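# Architecture at a glance
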Amino acid sequence: MFHIYTHEFSYAQKELIQFVSNGKISDTDYFRIAIDQLELLKKADPDNLLYTAWQAEYLHLDGNLRRAAEQYRRVLEQDPLQPLTPDEERRIKKFCPELRVNPRECFPLKDIVAVHHPEQPLIGYHLFWEDDFDFPDDGEPCDHEEIWVEYDREEETVTRVMTFFHSRVIHSDAAVEEARNNQQRPIVRVEWGKHGSLLKGWESMTESLTNVTLLEWMKQTYEHVKSGGRVPEHPLKRFWPKGFEGTFDQYLEFPDVVDPLDWLEKKPLMFKTRWANAVICTHGLLYNFHPKMEWPERYWNISRNKEDS
């Protein structure tokens, strides 16, 4: 009889995910279901750190910051931070991206945390802007964006540049070539107010989840932020710009330089671990941030599953 119940429950789980995807079940309600399920999985398989890390992220997303920090600490107790070698510290700085921003950008860069992968020649640069123009009310006094740089250990050259553009990972060969022509430092263009990270050649890219071109995405975002964005009358936006003031061509201008290396020199938040959210929460920042996937592989797994289905 029990196998009938488990079979039926597996069907219900698929329905649950579908209802979350189409908005019939809220993110908050789903977070709480996931937190409880992960607690059971942790008891059944206490050595699987992924369950603890995922539960920490769901607690974090649900606003349970102290409970999230407790689980993040447990992750790092079981898989401690590794010391960076002098070469790894040097490479973090050597491959640190340069940012190009719109001259009308309204939010400054607050912090950068660099995380070196413990096994791969891969560095995650976590940028924290003062806020996101669309989300004054999310309880997160920053906008968390990510850039990853993969490099060749022997030649010490950039082999891949990736960014997290609105929950999609994008990359381009042109960005690698541009980095090699810029003393191995990638150049990333930053979207006004929302800080989507664009790579060289973005104008001809299509994002992989919906097949929308990035140029069309930027046109839609331009119209959105020009008219005030999300919750335009929110009281926390009263000292912000009313919207982007300028043409679409001006929206696509990125002439001003912001160099995150200056931040790393002054405040060297540099670590070596696979658990980026955990280290940022417990060793990096004194303020709340939105947890995001630590490494591009999590996105590639989703993309592969989508293709297989």
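In this report, we go over the structure that sits alongside the text. No experiment lies behind these values; they were computed from the predicted model shown. (Residues numbered from 1 in each chain as written. Predicted model: local features only at pLDDT ≥ 70, side-chain atom pairs only at ≥ 80, totals over all residues. Heavy atoms only, no water.)

## Some points on the pairing of strand E7 (residues 187–190)
Burial along E7 is two-sided: Ile187 and Arg189 and Val188 and Val190, pointing in opposite directions, are all buried. Looking at chain direction, strand E1 (residues 98–101) and E7 are connected through 4 bridges and run parallel. The residue bridging Leu99 from the neighbouring strand is Val188, located in E7. Where E7 lies against strand E8 (residues 197–198), 2 bridges are found, and the strand directions are antiparallel. Residue pairing across strands places Arg189 opposite Leu198, the latter belonging to E8. (Buried < 20%, exposed > 50% of the residue type's maximum accessible area, 1.4 Å probe, protein only. Helix = DSSP H or I, 4+ residues; strand = E, 2+ residues; numbered from the N terminus. Pairing = 2+ DSSP bridges.)

## A few points about the sheet that holds strand E10 (residues 270–272)
Here we have 6 strands laid out as an open sheet, ordered E6-E5-E4-E3-E2-E10, and mixed in their pairing. Each edge of the open sheet carries a strand with a single partner, namely strand E6 (168–171) and E10. Neighbour-to-neighbour, the strand axes of the sheet open up by a mean angle of 25°, direction not taken into account. Where strand E2 (residues 109–116) lies against E10, 3 bridges are found, and the strand directions are parallel. (Axes fitted to C-alpha atoms, helices over the stretch in contact; angles between N-to-C directions.)

## Quick notes on the side chain of Arg185
Structurally, Arg185 is set in the loop between helix H6 (173–180) and E7. Exposure remark for Arg185: the relative accessible area of 10% places this residue in the buried category. Of the polar contacts made by the side chain of Arg185, one reaches the backbone oxygen of Pro97; its length is 3.4 Å. Setting aside its immediate chain neighbours within four residues, Arg185 contacts Lys94, Cys96, Pro97, Glu98, Ala179, Asp259 and Leu261. (Polar contact = N/O pair within 3.5 Å; in protein donor to acceptor, adjacent residues only side chain to side chain. Contact = heavy atoms within 4.5 Å.)

## Quick notes on the packing of aromatic side chains
Here the structure, examined in full by the defined rule, presents 17 aromatic pairs. The interplanar angle of 75° and the centroid separation of 5.4 Å between the aromatic rings of Trp192 and Phe244 together place this pair among those described as edge-to-face. With Trp192 in the loop between E7 and E8 and Phe244 in the loop between helix H7 (214–226) and helix H8 (248–251), the pair connects residues that are 52 residues apart, well separated along the chain. One exposure class covers both Trp192 and Phe244, and it is buried. Through a chain of ring-to-ring contacts, the aromatic side chains of Phe107, Phe133, Trp192, Tyr222, Trp240, Phe244, Phe248 and Tyr251 assemble into a single cluster. Here the basic side chain of Lys110 rests over the ring of Tyr287, its NZ or CZ set 3.9 Å away from the ring centre. Sitting over the face of the ring of Phe133, Lys237 holds its NZ or CZ atom 4.0 Å from the ring centroid. (Phe/Tyr/Trp six-rings, centres within 6.5 Å; stacked < 30°, edge-to-face > 60°. Lys NZ or Arg CZ within 6 Å of the ring centre and 35° of its normal.)

## Here we look at the packing of helix H2 (residues 27–44) against helix H3 (residues 49–61)
Between H2 and H3, whose axes approach to 9 Å, the crossing angle comes to 155°. In terms of orientation, H2 and H3 fall into the roughly antiparallel class. Both H2 and H3 take part in a crossing whose hand is left-handed. The segment H2 lies against H3, with Tyr30, Phe31, Ala34, Ile35, Leu38, Glu39, Leu41 and Lys42 engaging Tyr51, Thr52, Trp54, Gln55, Tyr58, Leu59 and Leu61. Residue composition of the contact of H2 with H3, grouped by class: 11 nonpolar, 2 polar and 2 charged. (Parallel < 35°, antiparallel > 145°, perpendicular 65-115°, else oblique. Left-handed = near helix turned anticlockwise from the far one by under 90°. Nonpolar A, V, L, I, M, F, W, Y, C, P; charged D, E, K, R; others polar.)

## Section: the pattern of salt bridges
A full pass over the atoms with the stated rule returns 23 salt bridges. When the shortest N-O distance is used, the salt bridge between Asp132 and Lys194 registers 3.3 Å. Of this pair, Asp132 sits in the loop between strand E3 (122–129) and strand E4 (143–152) while Lys194 sits in the loop between E7 and E8, and the two are 62 residues apart along the sequence. Here Arg185 ties to Asp259 by a salt bridge, and the two come within 2.5 Å at their closest N and O atoms. Residue Arg185 is located in the loop between H6 and E7, and its partner Asp259 is located in the loop between strand E9 (256–258) and helix H9 (260–266); the two are separated by 74 residues in the primary sequence. In this structure, Arg185 and Asp259 share a single accessibility class: buried. Overlapping salt bridges, with partners in common, bring together Asp87, Arg90, Arg91, Lys94 and Glu156 in one network. (Salt bridge = Lys/Arg side-chain N within 4 Å of Asp/Glu carboxyl O.)

## Concerning H7
Taking 1.5 Å per residue, 13 residues should reach 18 Å; H7 reaches 18 Å between its end C-alpha atoms and fits that length. Those residues of H7 that are buried are in contact with strand E5 (157–165), E6, E8 and H8. Backbone geometry just downstream of H7 places Gly228 in the positive-phi region, at approximately 110°. (Expected span 1.5 Å × (residues − 1).)

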